[in-house]
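# Observations on the model geometry
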Amino acid sequence: MDIYEELGVSKLINAAGTYTVVGGSRMSEITLKAMQEAANSHVSIRELQRRVGARIAELTHNEAAYITCGAAAGLYLAAAACVAAKLGQAAATLTFQETSGCEVVVFKTHRNPYDWSLRQLGVRITEVQCSGDGSAASKADLANAITDHTIAVFYTLSGWLEEGALGLQDTVAVAESRGVPVIVDAAAQVPPVDNLWNFTKAGVTAAIFSGGKDLRGPQASGLMVGKQWLVDILLEEAFPNSGIGRMLKVGREEIAGLFAAVKQYVNMDHVARAQWCGEQIRLLKAAFVGESGVIVERSFPNEAGQPLPRAIVRFADSQRNASEIANDLLNGSPAVYVKLAGKDGIYVNPMTLAEGELAIVIERLRQVLKDS
Ligand SMILES: *Cc1c(COP(=O)(O)O)cnc(C)c1O
């Protein structure tokens, strides 16, 4: 009996992707072993952060790196560091009065629920309007939004954003000319692996990734890569220092685990992995070929904009809609978690499937369709 059986919590087969609500991704044995080793001894967390940061910076061709307890926490800590830099003050002891006098500039289409991380810090958000008619905001629009109180431009990258923001390179150019840092929420922007250095090469101050998505680190971890000056502030601001960053605790197990995961990620065969995903889609297609009313198509890239294929399974003449089918998949045994593709289809995303799990997904899908 495993821990979930003991608790009566049903296990899911994740055919949706690196969604945090179902635990994002799975750590490798090597990563789990690193966490276990880290748990066995006491060390100075400060020393560990410095060492791991330096090693990850090297692995990812960056000036500096820092491990947080998640991407969302990283956004908060990076913004606080930018306030501190602007005011010439120690980040750990910033007051709400100080943060609320500061502004973060954000493109309107980049607003999303994760930007609560900034709002919780107390900074004001200045939106740059995006016309919504397909034409992008201009460099002048961004420049006009920057004032003497601006501590950073916040930039979101994801496949689900609406168009309308200025491109990253132009954004960096405008921000740089005004001496304003650029913080990028790139939580789900690997793969491709080179995004671990692409954004910082483009000149951003900090690019922030989730450790628990495709990096396959610990769920409660996040990676910040970027400028040394920013990471230097974080070393004084974030856990284990008391003050503003103290609540965002990151354990030695997470720090060691994410280090192990990043090491594997930069060394893994990403071409072979993408091919494996493509093969899962071909197998799924083959399983339903000739089946009336079921059409399997390849879809690329995925919802986060990652260059990995997923499948859309459309139910052409089913009596029931796709959301009922998805519910049946989730409520049966073993439970299969999928995302909807409109009213008449579901996505099957191979990126979070383990070897052998596709066969179970196919079997469950057959069963659900037979019953419908
Ligand atoms: C997942 C995600 C986050 C949050 O990442 P955590 O590591 O879970 O904190 C933030 N922003 C975007 C765009 C994301 O996709």
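Just so you know, these numbers come straight off a predicted model, no measurement behind them.

## Quick look at the sheet that holds strand β7 (residues 206-210)
One open sheet accounts for seven strands, arranged β2-β8-β7-β6-β5-β3-β4; its pairing is mixed. With partners counted over all chains shown, the strands left at the sheet margins are β2 (64-68) and β4 (124-128), one partner each. Averaged over all adjacent pairs, the angle separating strand axes in this sheet is 25°, with direction ignored. Sheet topology places strand β5 (residues 150-156) next to strand β6 (residues 182-185); four bridges connect them, and they run parallel. Of the residues in β6, the one forming a bridge with Phe 154 is Ile 183.

## Observations concerning the nonpolar core
Phe 107, Leu 142, Leu 196, Phe 209 and Leu 223 are the most contacted members of the largest nonpolar core, which has 46 residues in total. Residue contributions to this core peak at six residues, all from helix α11 (residues 252-267).

## Here's the deal with the pattern of salt bridges
Per the counting criterion, the structure on display carries 17 salt bridges. Put simply, Lys 108 and Glu 127 hold a salt bridge, and the shortest N to O gap is 3.3 Å. Of this pair, Lys 108 sits in the loop between β3 (103-107) and α6 (116-121) while Glu 127 sits in strand β4, and the two are 19 residues apart along the sequence. Its salt-bridge partner being Arg 252, residue Glu 253 comes within 3.7 Å of it at the nearest N-O pair. Taking the relative accessible area as the measure of exposure, Glu 253 reaches 22% and is therefore partly exposed.

## Structural notes on the site of the ligand
Near the ligand, the surroundings consist of Gly 70, Ala 71, Ala 72, Tyr 114, Trp 160, Asp 185, Ala 187, Ser 210 and Lys 213. Taking Lys 213, its side chain carries an N or O atom lying 2.7 Å from an oxygen atom of the ligand. Classifying every residue of the shell around the ligand by side-chain character gives five nonpolar, two polar and two charged.

## Details of a nonpolar patch on the surface
There is a patch of nonpolar side chains on the surface, built from Ile 3, Tyr 4, Leu 7 and Val 9 and spanning about 400 Å² of accessible area. Following the sequence through the fold, Ile 3 ends up in helix α1 (residues 3-7).

## A short note on the domain arrangement of the chain
Segmentation of the chain into domains returns domain 1 (3-21 + 269-370) and domain 2 (42-266). For domain 1 versus domain 2, the separation of C-alpha centres amounts to 33 Å. On the domain 2 side, the residues contacting the 11 residues of domain 1 number 13 residues.

## With respect to α11
In this model, α11 (16 residues) spans 23 Å end to end at C-alpha, consistent with the 22 Å of a helix rising 1.5 Å per residue. Those residues of α11 not exposed but buried are Arg 252, Glu 254, Ile 255, Ala 256, Gly 257, Leu 258, Phe 259, Ala 260, Ala 261, Val 262 and Tyr 265. On the buried face of α11, the contacting elements are α2 (29-40), α3 (45-59), β2, α9 (195-201), β8 (222-226) and α12 (270-287).

## Details of the sheet that holds strand β13 (residues 345-348)
Across the sheet, which stays open at both edges, the four strands sit in the order β9-β10-β13-β12 with antiparallel pairing between neighbours. Either end of the sheet is taken by a strand with one partner, and the two such strands are β9 (294-299) and β12 (339-340). Running at roughly 165° to β9, α12 makes contact with β9, β10 (310-315) and β13 of the sheet. Against the sheet, helix α13 (residues 322-331) contacts β10, β12 and β13, and its axis sits at roughly 45° relative to β13.

Criteria and cut-off values
Residues numbered from 1 in each chain as written. Predicted model: local features only at pLDDT ≥ 70, side-chain atom pairs only at ≥ 80, totals over all residues. Heavy atoms only, no water. Pairing = 2+ DSSP bridges. Helix = DSSP H or I, 4+ residues; strand = E, 2+ residues; numbered from the N terminus. Axes fitted to C-alpha atoms, helices over the stretch in contact; angles between N-to-C directions. Core = buried A, V, L, I, M, F, W, Y, C linked by side-chain atoms within 4.5 Å. Buried < 20%, exposed > 50% of the residue type's maximum accessible area, 1.4 Å probe, protein only. Salt bridge = Lys/Arg side-chain N within 4 Å of Asp/Glu carboxyl O. Near = heavy atom within 4 Å. Polar contact = N/O pair within 3.5 Å; in protein donor to acceptor, adjacent residues only side chain to side chain. Nonpolar A, V, L, I, M, F, W, Y, C, P; charged D, E, K, R; others polar. Patch = residues over 30% accessible without salt bridge, like charges linked within 9 Å, V, L, I, M, F, W, Y side chains within 5 Å. Areas by Shrake-Rupley, 256 points an atom, 1.4 Å probe, with all protein chains shown as cover. Domains from an automatic or database assignment. Contact = heavy atoms within 4.5 Å. Expected span 1.5 Å × (residues − 1).

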